[in-house]
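# Overview (structure and organization)
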Amino acid sequence: MEFYHFTEFAWPHLPPEGEYTSMRLNLPSSVYDPKVGADLYNMCLDQYVLADELGLNCMVNEHHQTATCLNSSGVVPLSILARQTKNARILILGNPVANLADPIRCAEEMAMIDNISYGRLECGFVRGVPYELFASNRNPTETAERLWESIDLIQKAWTTHDGPFSYEGKWIHKRQVNVWPRPYQLPHPPVWTTGGSDLKHACRTVARGFTFAMFLTPVDKLAAMFNGVRAWCRAEGLQRPADSQFAFMPLVAVGETEKEALETIERVFWYVTNNKAESQHRAPPGYVETSLYADFLSGRFSGGRTDAIRQKGMEYFRENHVAIYGTPDNVANQLRSLHKKVGGFGHLVAMFHAGDMDFDMTAKSMTLFSEKVAPQLRDLGSVRKGFGPLPARRKKRAA
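These notes cover the structure that comes with them. (Residues numbered from 1 in each chain as written. Predicted model: local features only at pLDDT ≥ 70, side-chain atom pairs only at ≥ 80, totals over all residues. Heavy atoms only, no water.)

What follows is about the pattern of salt bridges. Counted under the stated rule, the structure contains 11 salt bridges. Between Arg208 and Asp152 there is a salt bridge, with the nearest N and O atoms lying 2.7 Å from each other. Linking Arg208 in the loop between α6 (199-207) and β8 (211-215) with Asp152 in helix α5 (residues 143-159), this pair joins segments that are 56 residues apart in sequence. Members of the salt-bridge network, linked through shared partners, are Glu256, Glu260 and Lys364. (Salt bridge = Lys/Arg side-chain N within 4 Å of Asp/Glu carboxyl O. Helix = DSSP H or I, 4+ residues; strand = E, 2+ residues; numbered from the N terminus.)

Structure representation (structure tokens):
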């Protein structure tokens, strides 16, 4: 199993409740103090350097026009880490190509970072959260198709080495595509996508040899998705996906005692408590299937997993493996249990930091995880050899 450190660089210094309705969407930037923010940026980057020193990998993401994530460009911290880290795999999860005007620019940037890091890039592509469609002014009915068309074009651009080509797709039209430099890794960096309830998207991801990731998902939903992909592959005559083609992100805290771990996870829990969006922004018409949207409007779907988590509290987190916390041995046992319940996964993206946690508190949890948890679990799960579409299973010979 591979382990990644993650923080969203969230702005934690909020005005009193009642002065704003959504930290995610309408908190004015007058609340931001650049002098304090500069320290926050550098502290979070220091966490990633520490992760590299501890033998952990690094994941960055991006969000836009929001206080919940000060990474308005994942490419910027990823570029810094390409030089400041030495051994860690550096994952961007991810590039919101469904909202980008020019996917070729993304292909060029990722190829540069892959070279600067000597082939340590893991390249994730995402559709983008529904809240940001309003600011990007994208049509929510188009973003799923735009995501896959952009991925197809970027793969072609990365792997075409004999001169320029033109591309005419449904949404994208490009001339003289000739990406320099080409990626360091061959045929290109490993590709990831993320998802929630769309089994078709998850199956498409895994069948193409990519890694599929889910965030903060209760264990029953996580197992249903991962096992649903495996069942689909079996029905299609494809080989069983390796565990390394599945990833999960929970909140994580490790302490020398259970009390210390609980105090730490309650600080990480800030991310869920404050990462709020008004209901009218959660499901733009066309972003989800019609049946799910009808449930949302009727009240049968009251905001999904984050609302349920806020209402049910920390014990719900732990029972459902959305938060994993405790002493090192306890955390290792929780991860073994999770791995078994979902049929296996190969990447754990651990959110170790959120809110106003300082460097020392975060570093202690990360260090305990790296030194006393990760060594117990390194050999857990199967690893895919090679890269590309899943091969078909060999048919048994008749006796």
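Glancing now at the packing of α6 against helix α7 (residues 219-235). When two helices pack together, you describe them by how their axes are tilted relative to each other and by the distance separating the axes. Across the interface, α6 lies against α7 with an axial gap of 9 Å and an inter-helix angle of 60°. The orientation of α6 with respect to α7, classified from their angle, is oblique. Our pair here, α6 against α7, has a crossing hand that is right-handed. Contacts from Leu199, Ala202, Cys203, Val206 and Ala207 of α6 reach α7 at Met225, Gly228, Val229 and Trp232. Looking at side-chain class alone, the contact of α6 with α7 contains eight nonpolar, one polar and no charged residues. (Axes fitted to C-alpha atoms, helices over the stretch in contact; angles between N-to-C directions. Parallel < 35°, antiparallel > 145°, perpendicular 65-115°, else oblique. Left-handed = near helix turned anticlockwise from the far one by under 90°. Contact = heavy atoms within 4.5 Å. Nonpolar A, V, L, I, M, F, W, Y, C, P; charged D, E, K, R; others polar.)

Compared with an ideal rise of 1.5 Å per residue, which puts 17 residues at 24 Å, α7 spans 24 Å between its outermost C-alpha atoms and is within 8% of the ideal. Restricting attention to buried positions, one finds in α7 the residues Val219, Leu222, Ala223, Met225, Phe226, Gly228, Val229, Arg230 and Cys233. Count one or two residues on from α7 and you reach Gly237, which has phi positive near 75°. (Expected span 1.5 Å × (residues − 1). Buried < 20%, exposed > 50% of the residue type's maximum accessible area, 1.4 Å probe, protein only.)

It is worth spelling out the environment of Thr143 at this point. Tracing the chain through its elements places Thr143 in helix α5. With 46 residues separating them along the chain, Thr143 and Val97 place their C-alpha atoms 8.9 Å apart.

So, about the packing of aromatic side chains. Counted under the stated rule, the structure contains 11 aromatic pairs. When the centroid spacing of 6.3 Å and the interplanar angle of 40° are considered together, the rings of Phe125 and Trp158 count as tilted. Of this pair, Phe125 sits in strand β4 (residues 121-125) while Trp158 is found in helix α5, placing the two residues 33 residues apart along the sequence. Among the residues examined, Trp158 registers a relative accessible area of 1% and is labelled buried. Here a set of aromatic residues connected by ring pairs shows up, and it is made of Phe3, Phe352 and Phe369. The ring of Phe165 has Lys156 sitting right over it, with the charged end atom 4.6 Å from the ring centre. The ring of Phe246 has Arg230 sitting right over it, with the charged end atom 4.6 Å from the ring centre. (Phe/Tyr/Trp six-rings, centres within 6.5 Å; stacked < 30°, edge-to-face > 60°. Lys NZ or Arg CZ within 6 Å of the ring centre and 35° of its normal.)

With respect to the element layout, Arg230 can be found in helix α7. In this structure, Arg230 is buried with no salt-bridge partner, the nearest side chain bearing the opposite charge being Asp243 at 4.0 Å. Reaching out from Arg230, the side chain makes a polar contact with the side chain of Asn227 at a distance of 2.9 Å. (Lys, Arg positive; Asp, Glu negative; His and termini not counted. Polar contact = N/O pair within 3.5 Å; in protein donor to acceptor, adjacent residues only side chain to side chain.)

Met110, Phe125 and Phe369 are the most contacted members of the largest nonpolar core, which totals 116 residues. Looking at this core, the element that brings in the most residues is helix α1 (residues 34-54), giving eight residues. For Phe369, the residues in contact, after removing those within four places along its chain, are Phe3, Leu56, Val252, Val254, Val331, Leu335, Leu348, Phe352, Ala374 and Pro375. (Core = buried A, V, L, I, M, F, W, Y, C linked by side-chain atoms within 4.5 Å.)

This part is about the pairing of strand β7 (residues 191-194). Summarising the sheet, β4 and β7 pair through three bridges and their orientation is parallel. What sits directly across from Phe125, in β7, is Thr193. As a crossover connection, the stretch from β7 through α6 into β8 is right-handed. (Pairing = 2+ DSSP bridges. Right-handed = clockwise from strand over helix to strand, strands pointing away.)

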